[in-house]
Structures are given as structure tokens and as C-alpha cells.
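# Notes for the structure review
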Amino acid sequence: MGVNASVLAIDAGNSKTDVALIGADGTVLSTARGGGFQPPAVGIETAVDALGAAVEQALERSSGPVGPVTHVSACLANADLPVEEEQLAAALRARGWGATVEVRNDTFAILRAGVDEPRGVAVVCGAGINCVGMVPDGRTARFPAIGRISGDWGGGAGLAEEAMWFAARAEDGRGEPTELVRTLPGHFGLGSMYALIEALHLGRVEFERRHELAPVLFATAAAGDAVAGALVDRLAEEVVAMASVALGRLGLLDEPAPVVLGGSVLAARHPQLDTRIAELLAARAPKAVIRVVTQPPVLGAALLGLDHTGAAAPVHERLRAQYG
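It should be emphasised that the depicted structure is a prediction, and the values quoted were computed from it without experimental measurement. (Residues numbered from 1 in each chain as written. Predicted model: local features only at pLDDT ≥ 70, side-chain atom pairs only at ≥ 80, totals over all residues. Heavy atoms only, no water.)

### A look at the pattern of salt bridges
Two side chains carrying opposite charge are able to pair once their charged atoms lie near each other. Within this structure, the stated rule accounts for 16 salt bridges. The partner of E45 in a salt bridge is R95, with the nearest N and O atoms 3.0 Å apart. Residue E45 is found in helix α2 (residues 44-61), and its partner R95 is found in the loop between α3 (82-93) and β5 (98-105); the two are separated by 50 residues along the sequence. The salt bridge partner of D137 is R139, with a shortest N-O separation of 3.0 Å. By relative accessible area, which is 55% here, D137 ends up exposed. Connected through salt bridges with shared partners, the residues K16, D18 and R33 form a single ionic network. (Salt bridge = Lys/Arg side-chain N within 4 Å of Asp/Glu carboxyl O. Helix = DSSP H or I, 4+ residues; strand = E, 2+ residues; numbered from the N terminus. Buried < 20%, exposed > 50% of the residue type's maximum accessible area, 1.4 Å probe, protein only.)

### Structural notes on the sheet that holds strand β8 (residues 140-142)
In a beta sheet, neighbouring strands pair by backbone hydrogen bonds and run either parallel or antiparallel. Read from one edge of the open sheet, five strands run β8-β7-β6-β9-β10, paired in mixed fashion. Two strands close off the open sheet at either side, each with one partner strand: β8 and β10 (288-292). Averaged over all pairs of adjacent strands, the angle between their axes in this sheet comes to 15 degrees, without regard to strand direction. (Pairing = 2+ DSSP bridges. Axes fitted to C-alpha atoms, helices over the stretch in contact; angles between N-to-C directions.)

### What to know about the side chain of R112
Within the element layout of this structure, R112 appears in helix α4 (residues 107-113). At 2.8 Å, the side chain of R112 and the side chain of D307 are in polar contact. Discounting residues that sit within four places of it in the chain, R112 has contacts with E117, P118, M134, G300, L303, L304, D307, H316 and R320. (Polar contact = N/O pair within 3.5 Å; in protein donor to acceptor, adjacent residues only side chain to side chain. Contact = heavy atoms within 4.5 Å.)

### Re unusual backbone geometry
Its identity is not glycine, yet A145 carries a phi of approximately 55 degrees, on the positive side. Structurally, A145 can be placed in the loop between β8 and α5 (155-172). Judged by relative accessible area, which is 14%, A145 ranks as buried. Its identity is not glycine, yet R269 carries a phi of approximately 60 degrees, on the positive side. Mapping R269 onto the fold places it in the loop between α10 (264-267) and α11 (271-284). A relative accessible area of 45% means that R269 is categorised as partly exposed.

So this is what it looks like as C-alpha cells:
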């Protein structure tokens, strides 16, 4: 007789994938971790193959043979548009991992991990920036969140590029003075912005490492640099703009509603950023309640799966308790 598995939860980010097999009573039967999920770079089928390796690990680690899974709840990076979610859901259905499949953008996992019911808004700022919202009747709010072409500003990579822009102009005289001229190249052991620009351009410093400069920006702002501080304030404005618009679309502006903050930049709890977000959100959505999510996103994917199966509240509570 097989193990009664209700939900196969998948949280797949650009750098790693977490899988959890959840029993009908909310018990975590097994977990597994795999590599990143990047269908734009490798194609949908190859990316889903990588998911499959982690799924197979989770199935093998269960305490007994796993019977048919009721529902697959997959929250996936790079599922930025509804059409992409549909394509990925079709690819997952073809694998036969569960009777039903639902694919959402991975930001929904962070939101659901941070709220007691499927109600509220989440803003995630890691390498990029995104915002989603949901309410129990199934309505959602979201943004394309695919970069500047969809109106986005912020995220670790974007902050680093902005910081370099201001520092480069400060060094050559086109812009106002800023300590970023010293702190950004200093992070890589270099003596000038020209040296950093050259190193990035020629590949001596990998271009992907530019995200390392976001913490340098925040440290420079905390030391009192006006240019760096203005960039931190602008990020706060972007976070609150996304959150307040999403709250408004869902009719949550005039009632207490959680605003969940997640991703490496927001989870770092930079004092200036936290304070400014709180000030601006209090003005635009005075009843909003800020929460910083600390639970792993795969918990959110699993809770969304239990929402889909209609599991009772004690099942949700049992699952959440296992993630602290």
C-alpha cells in the first residue's frame, strides 16, 4: 500500500529548487533539493528535467512507496506571464506527477508562506523585484516584472548598476561626488571606478558578480553618503508603489492586510530601507501590516497546494509547525 501523498510542492528559483511531499494530514513525508530553474536559458523540457531529478529524490526518500499524488503545486521562477505559467503547467502535467497541476510565479510562494490565509500582498526584492497579491476568492494582482521594459526599477542587480552609474560619473566629473567611487571598486580590491569598469568589460571580474555591490551600496548609504542614500530611498518608493497598487486592485487598501517583504535585499533588514518603507506605506496604505517572511518558500507552495485540495485548517497548521 502506498503512502498517501496529497501535495507535491515545488519551489524553483534561478539558483535552486526545493521539493516537498506532503501527506493528507499535513505531514512532510520527504524533501529534496535540486539546481536552478531557468527555462529561458535551457528550454522548458530541459528545465523540467532538472525539476524531475529533485522530484524523484523526494519520492525515493519517502518512508514508503508513494501512491498517486493528488495535486502538484509548483511555484516557479521565470513564470512571469500567465502564458508562461500555462506552458509550464502543460509540461508538468505531461510528467504525470499528480492528478492536477497548478503553476504560479515563485513570488506567490513567498506570499503564501508569510500569511495565515491566501490574502495579502508580497513584494520580493532579490536579484530583481516583483510583487503579487491574492485574496481567498481566487483573485490575484501581479506585474509582468521582467525588467525595465515592464516598468520595473530595483532588485540587487539593478541597484548595483545604478550605483555604478553614479560612481562612474562622479569619478570622471559628470556627476556629483559620492563615496561609491571608493567603496564599489574597493569591494573587488581595485583602486578606481575606471579599473572596475575595465575589469568588468574585459571579464577579469565576472559581470554576474555585480550583484555583490548591492550590500556595498547599503553600507555606503548607512555611512551617510547622500547619493547612496537617495538610491535606498528610491527603492523604498518602488516597493511601496508596487504594494499599494496591488492592495488597491484587490480592494485591500481600506482594511488591515499583510504586506509581506521577502528576497535577499529586503530580508537583510537595512534600517534606512525598512524605516522609509514603513513611512511611505503608512501614508499610502495606513492599515497595511508589514511582515518580513522567514519561512522557506516551499512552505508557501505546499500551503497553496493544500488550499487547492480544500484541506482543513488543522492540516495547514500542522504543516506550518514543521517549518518553525
